Amino acid sequence: MSQLPEPTHFRIRFLPAVICLNSLFDSSREYGWDASILMEPDCKRRKTKEPKDACSWQVVPVLSERELQSVTLMPVYAAAVLDKKEASRLVKEVSAIYPLGDYSHLKRVRACGSANSLHSLEMILCLADGKGKALRTVSELFPNSQLDLSGLGEPFLTQVPLNPPLTRLQYEEAASHWPVTFHENKRISQALSGCLFTASEKASMQCHMELAIQAAQRGARQGMRPVGAVVVDPATERILAVGHDCRDGVNPLLHAAMVCIDLVACGQGGGAYRYQDYPGCTFLPLADSLDQSSSCTDGLPYICTGYDMYLTREPCAMCAMALVHSRIERVFYGAPSPHGALATKYHIHSRKDLNHRYEVYRGILEDQCRNLAQISILE
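Note that this is a predicted model, so its numbers are computed, not measured.

Q: When you look at the pattern of salt bridges in this model, what are you seeing that I'm missing?
A: Counted under the stated rule, the structure contains 11 salt bridges. Measuring nitrogen to oxygen at the nearest pair gives 3.0 Å for the salt bridge that ties Glu359 to Arg187. With Glu359 in strand E11 (residues 359-362) and Arg187 in helix H8 (residues 186-192), the pair connects residues that are 172 residues apart, well separated along the chain. A relative accessible area of 28% places Glu359 in the partly exposed class.

What follows is the structure, encoded as structure tokens:
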């Protein structure tokens, strides 16, 4: 098997604004790929071959750890409002003495749900220390006549949500303990309900993932691990790069995602490696698509800015971080991986301490992607 040459440079430079079509076909001859496949509009390919089993898989959003976790509770002191006429005054004065601060998602007052209760309202007085001390009286909580106690009952301990809810499921659970504010992310709610993507968008996703599966199969025939990847510009539906795992060559870093990022860089006039020995690894030079919103001086995006990547398998930590640095917009993968760094571990795509985050969806053609793992076993 031919080996990849060691990289002599790693420059990310961009092609001029206009590249003639001749250079595109020169590149196709140099790297051994069929330029007509990448140049053909995706909609034309879909007309000639309708996707099959479009309803046999679901696009599932991979949420952050905070969005997935159950509601955590904390203790607070609350008390009954015995006189509703005093409620407004009590809320104002108690809030001045014990502001909720970082817990602004908590509503100060709730309606009493018990039909047999002698009072209709209850309110949060202050946070409890949670150290198991004896229950404090209202005069202990408000010493030295800090508060006019008219209309206020004796305090009791109750549990309230520690964090603001981020999903409707969290909101419903949190509200069952104490009323909270909820600023719903409509996009997440639509994704969780399966309504975020249209049928035509799902058909495009299937076409792109099928291409990644074919790339994985071509790589497997060359002795590589059966993992494929595709980079797509969602604004134009153009396929910018198709690659497969090349780590079993000379460089162990060449996972499928890393290969595809480098192929996009090759299309922009840079890149670290050459893939003439791997005909399944292809790219399309950026000839006529200038992103006017880009901050780059020549109008071209920084590597994968605004692009989508399709992977047959969940990427590892190295690849997930490479996707951060390449500024990918969205990642779609088929099958989970034991070493995956998006849903299986770490949730790297949503970490707030990183300077870029991207959306992740899983489940596209999951069964077919899982079956790729059997190729190496059968061989």
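Here the narrative resumes.
Q: How should I be thinking about the environment of Tyr171 in this particular structure?
A: You can see Tyr171 is positioned in helix H7 (residues 168-175). Residues Tyr171 and Thr181, 10 residues apart in the sequence, show an inter-C-alpha distance of 8.3 Å.

Q: I tried to follow the nonpolar core on my own but got confused; where do I start?
A: One recurring pattern in soluble globular proteins is that nonpolar side chains are buried together. Residues Val231, Tyr275, Met309, Leu311, Ile328, Val331 and Tyr358 are the most contacted members of the largest nonpolar core, which totals 43 residues. For this core, the elements supplying multiple residues, two or more each, are strand E6 (228-233), strand E7 (238-244), helix H10 (256-267), strand E9 (308-313), helix H11 (317-325) and strand E10 (330-335). In terms of residues, this core owes the most to one element, H10, which gives 8 residues. If we skip the residues at most four places from it in the chain, Ile328 touches Cys304, Tyr307, Asp308, Met309, Leu323, His356 and Tyr358. Among the nonpolar cores identified, the runner-up in size contains 24 residues, and Leu196, Ala212, Ile213 and Val242 belong to it.

Q: Would you mind going over the environment of Ala215 with me for this structure?
A: Mapped onto the elements of the fold, Ala215 is located in helix H9 (residues 199-221). Judged by its relative accessible area of 3%, Ala215 falls in the buried class. Once the C-alpha coordinates of Ala215 and Val242 are considered, the two residues, 27 residues apart in sequence, prove to be 6.9 Å apart. Each residue touching Ala215, except ones within four places of it in the same chain, is listed here: Gly228, Val242, Gly243, His244 and Gly280.

Q: So what exactly am I meant to see when it comes to the sheet that holds strand E5 (residues 152-161) here?
A: Strands in a sheet are paired, the pairing made by backbone hydrogen bonds, and the direction either parallel or antiparallel. As summarised here, the arrangement of the 4 strands in space is E3-E4-E2-E5, forming an open sheet in which the pairing is antiparallel. A strand with exactly one partner marks an edge of an open sheet, and here the two such strands are strand E3 (109-111) and E5. Taken pair by pair, the neighbouring strands of this sheet meet at an average axis angle of 35°, ignoring direction. The pairing of strand E2 (residues 73-81) with E5 spans 8 bridges and is antiparallel. Bridge assignment links Ala79 to a residue of E5, and that residue is Pro155. Sheet contacts for helix H5 (residues 87-97): E2, E3, strand E4 (121-127) and E5; angle to E4, the most-contacted strand, approximately 10°.

Q: Explain the sheet that holds E6 here, please?
A: Strand order in the open sheet made by the 7 strands is E1-E11-E10-E9-E6-E7-E8, with mixed pairing throughout. Either end of the sheet is taken by a strand with one partner, and the two such strands are strand E1 (60-61) and strand E8 (282-283). The pairing of E10 with E11 spans 4 bridges and is classified as parallel. Following the sheet pairing, Val331 is matched in E11 by Val360. In this fold H10 packs onto E6, E7, E8 and E9, with an angle of close to 135° to the strand it touches most, E7.

Q: It is not clear to me how the side chain of Glu314 should be interpreted in this structure. Could you clarify?
A: For Glu314, the position within the fold is in the loop between E9 and H11. Within the structure, Glu314 has its side chain in polar contact with the backbone nitrogen of Ala343 (distance 2.7 Å). The contact partners of Glu314, leaving out residues within four places of it in the chain, are Tyr333, Ala335, Pro336, Ser337, Gly340, Ala341, Leu342, Ala343 and Thr344.

Q: Got a minute to help me understand the packing of H10 against H11 in this structure?
A: Axis angle and axis distance: for two packed helices, these are the angle between their axes and the distance between the axes, and together they describe the pair. Where H10 meets H11, the closest approach of the two axes is 8 Å, and the angle between their N-to-C directions is 25°. The angle between H10 and H11 places the two elements in the roughly parallel class. The handedness of the crossing between H10 and H11 comes out as left-handed. Contacts between H10 and H11 pair Ala257, Met258 and Ile261 from the former with Met318, Cys319, Ala322 and Leu323 from the latter. Among the residues forming the contact of H10 with H11, the class breakdown is 7 nonpolar, no polar and no charged.

Q: Just to check I follow, could you spell out the pairing of E7 for this structure?
A: Remark: a regular strand shows side chains that alternate across the two faces of the sheet. The element E7 is extensively covered by neighbouring structure, given that 7 of its 7 residues are classed as buried. Examined bridge by bridge, E6 and E7 share 6 bridges and lie antiparallel to one another. Residue Ala229 lies in a different strand from E7, and its bridge partner there is Gly243. Between the antiparallel neighbours E6 and E7 lie 4 residues, among them Glu237 with a positive phi of about 65°. Judged from the 2 bridges that link them, E7 and E8 form a sheet pairing that is antiparallel. Along E8, the bridge assignment pairs Ala241 with Phe283.

About the criteria used
- Residues numbered from 1 in each chain as written.
- Predicted model: local features only at pLDDT ≥ 70, side-chain atom pairs only at ≥ 80, totals over all residues.
- Heavy atoms only, no water.
- Salt bridge = Lys/Arg side-chain N within 4 Å of Asp/Glu carboxyl O.
- Helix = DSSP H or I, 4+ residues; strand = E, 2+ residues; numbered from the N terminus.
- Buried < 20%, exposed > 50% of the residue type's maximum accessible area, 1.4 Å probe, protein only.
- Core = buried A, V, L, I, M, F, W, Y, C linked by side-chain atoms within 4.5 Å.
- Contact = heavy atoms within 4.5 Å.
- Pairing = 2+ DSSP bridges.
- Axes fitted to C-alpha atoms, helices over the stretch in contact; angles between N-to-C directions.
- Polar contact = N/O pair within 3.5 Å; in protein donor to acceptor, adjacent residues only side chain to side chain.
- Parallel < 35°, antiparallel > 145°, perpendicular 65-115°, else oblique.
- Left-handed = near helix turned anticlockwise from the far one by under 90°.
- Nonpolar A, V, L, I, M, F, W, Y, C, P; charged D, E, K, R; others polar.

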